[in-house]
Amino acid sequence: MTRFVALLRGINVGGKNKIPMAELRAMLDGLGYTDVATLLQSGNAVFGADAADPAAVSAAVEAAITETFGGTIRVMVRTGAEMRAVVDANPLDVGHPSKFLVTFFAEPVDTAKLADLDAAAYPPDEMAVIGREIYYNLPRGINEAKLPLVVERKLKAGGTARNWNTVTKLALMADN
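Residues numbered from 1 in each chain as written. Predicted model: local features only at pLDDT ≥ 70, side-chain atom pairs only at ≥ 80, totals over all residues. Heavy atoms only, no water.

Enquirer: Can you explain the packing of aromatic side chains? Please cite residues and give values.
Expert: Aromatic ring pairs are defined here through the distance separating the ring centres and the angle between the ring planes. Inspection of every chain in the model, using the stated rule, returns three aromatic pairs. Between Tyr33 and Phe47, the aromatic rings sit 4.5 Å apart at their centres with planes inclined by 10°, giving stacked as the arrangement. Here Phe47 lies in strand β3 (residues 44-49) and Tyr33 lies in the loop between α1 (21-30) and β2 (34-39), a separation of 14 residues in the sequence. The two residues Tyr33 and Phe47 agree in class, both being buried. (Phe/Tyr/Trp six-rings, centres within 6.5 Å; stacked < 30°, edge-to-face > 60°. Helix = DSSP H or I, 4+ residues; strand = E, 2+ residues; numbered from the N terminus. Buried < 20%, exposed > 50% of the residue type's maximum accessible area, 1.4 Å probe, protein only.)

Enquirer: Can you lay out the packing of helix α3 (residues 80-88) against helix α5 (residues 164-175) for me, pointing to particular residues and giving the numbers?
Expert: Contact pair α3 / α5: the axes reach a minimum separation of 9 Å and the direction vectors enclose 140°. Relative to α5, the element α3 lies oblique. Remark: the crossing between α3 and α5 carries left-handed chirality. Every residue of α5 that contacts α3 at Gly80, Met83, Arg84, Val86 and Val87 is listed here: Trp164, Val167, Thr168, Leu170, Ala171, Leu172, Ala174 and Asp175. (Axes fitted to C-alpha atoms, helices over the stretch in contact; angles between N-to-C directions. Parallel < 35°, antiparallel > 145°, perpendicular 65-115°, else oblique. Left-handed = near helix turned anticlockwise from the far one by under 90°. Contact = heavy atoms within 4.5 Å.)

Enquirer: So what's going on with the sheet that holds strand β8 (residues 160-163)? Which residues, and what values?
Expert: The strands making up a sheet are joined through hydrogen bonds of the backbone, oriented either antiparallel or parallel. The strand order β6-β7-β5-β8 describes an open sheet built from four strands, whose pairing is antiparallel. What marks the edges here is a single partner per strand, and that holds for β6 (126-130) and β8. Within this sheet the neighbouring strands show an average axis-to-axis angle of 20°, counted without direction. In this sheet, β8 lies alongside strand β5 (residues 100-104) in antiparallel orientation, the contact comprising four bridges. Residue pairing in the sheet places Thr103 in a bridge with Ala161 of β8. (Pairing = 2+ DSSP bridges.)

Enquirer: Got a sec to walk through the sheet that holds β3? Specific residues and values, please.
Expert: Sheet architecture is open: four strands sit in the order β2-β3-β1-β4, paired in antiparallel fashion. For this open sheet the edge positions go to β2 and β4 (75-79), each flanked by a neighbour on one side alone. Averaged over all neighbouring strand pairs, the angle between strand axes comes to 20°, with direction disregarded. With five bridges connecting them, strand β1 (residues 2-8) and β4 associate as antiparallel partners. Bridging from a neighbouring strand, Ala6 pairs with Val77 of β4. Packed onto the sheet, α3 meets β1 and β4 and runs at close to 90° relative to β4.

Following this line, the structure appears as structure tokens:
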């Protein structure tokens, strides 16, 4: 049995893509996943599954969401071990955890698309790319940050971001 973390992109934000967490838990349980738990209302779920491939779990969850709730929602899935590795690999000073983000992508970040980006031009914001994640330290706060918006435009890939408090809580939930 593998523990997984599912991160849904763009739900329950501004009244769009509403998915109640109780219904999400029931849907995941209906897929045969075990020990299903959610965190907050922003689409974070942790569960056990006999599957070994996060991409297959992501596809199954995305299809079930479309069938159950309608619409298309991207779901980034990490194993519990991968989520723990995200926490352990953090190369930046966290500062204030609510102003520190990790953006999760389905595929490794295409750093060639960021080659001409001068991240130092956006002080005091910082970023680091490791595999399928981008870490952001945003000391002025998320609403004032320009760097993540510039990166998103350059990548043209839909990721989903979580603050450091959420990332570490999900890693802890997946450890158990």
